[in-house]
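# Analysis of the macromolecular model
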Amino acid sequence: MKFVLASQNRHKLEEMRSILSAHGVEVVLEADVGLNVDVEETGETFAENAMLKAKAVMEASGLPAIADDSGVCVDALNGAPGVYSARYGGPELDDTARYQLLLNNMRGARTRAAHFTSAIACMFPNGDAIEAEGICPGTIAFAPQGTGGFGYDPVFFLPELRKTYAQLTPEEKAAVSHRGKALAVFEGKLKEYLSKG
């Protein structure tokens, strides 16, 4: 079975592939099936945005589509950047500029508590849908640490591991991350769905 990932993000593709390949699911990027669907993320929640993306790519490709919407929610910033994580500070900023902006906005903050959320949605051409969510609590580091991962990984610190996401191996990150947790829930639901088929 082939799923189209509603994203151009190769990092997300690798994370999805490593988990879903065990179920005989091949995950490909939109570009691999000749698509580049630009979906306006108008949802107020990660789950709504994931479903918007999955639905649009499924309709455009005629194949099952899987989407992830995720972001970091910082207590001291009233949950920001949240659903705007990928667009925080405007489209001209890259990952490094975005997390630097986050660190600047947190100067003097009394709490550094934060969590990453990942919502996964999968839409099938027959109208069926599977949704899952994962949350990983942590804190925002005072300075970037590590060279792995992407996005806010260098500043998202896991107190119990005493490392940022960017200091973890891909395997370590998959075991604890928001996306890893969401994919574990999704994996169970997909297994159940496919067994009915």
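What this report covers is the structure whose coordinates are included nearby.

Definitions and cut-offs
- Residues numbered from 1 in each chain as written.
- Predicted model: local features only at pLDDT ≥ 70, side-chain atom pairs only at ≥ 80, totals over all residues.
- Heavy atoms only, no water.
- Pairing = 2+ DSSP bridges.
- Helix = DSSP H or I, 4+ residues; strand = E, 2+ residues; numbered from the N terminus.
- Salt bridge = Lys/Arg side-chain N within 4 Å of Asp/Glu carboxyl O.
- Buried < 20%, exposed > 50% of the residue type's maximum accessible area, 1.4 Å probe, protein only.

### A look at the pairing of strand E5 (residues 129-140)
As paired strands, strand E4 (residues 113-123) and E5 are joined by 11 bridges and run antiparallel to one another. Its bridge partner lying in E5, Ser 118 is registered against Gly 134. The turn linking E4 back onto E5 is made up of 5 residues, and Gly 127 within it adopts a positive phi angle of 100°. Inspection of the sheet shows E5 paired to strand E6 (residues 156-158) by 2 bridges, in the antiparallel sense. Its bridge partner being in E6, Ile 140 is matched across the sheet by Phe 156.

### Details of the pattern of salt bridges
Under the criterion given, the structure shown has 11 salt bridges. Between Lys 12 and Asp 68 there is a salt bridge; the shortest N-O distance is 2.9 Å. Of this pair, Lys 12 sits in helix H1 (residues 10-20) while Asp 68 sits in strand E3 (residues 65-74); the two residues are 56 residues apart in sequence, bridging distant segments of the chain. Across the salt bridge formed by Asp 68 and Arg 179, the nearest N and O atoms sit 3.2 Å from each other. Linking Asp 68 in strand E3 with Arg 179 in helix H5 (residues 178-196), this pair joins segments that are 111 residues apart in sequence. Comparing Asp 68 with Arg 179 shows no difference in burial state: the two are buried. One network of salt bridges, in which partners are shared, links Glu 41, Lys 53, Asp 69 and Arg 87.

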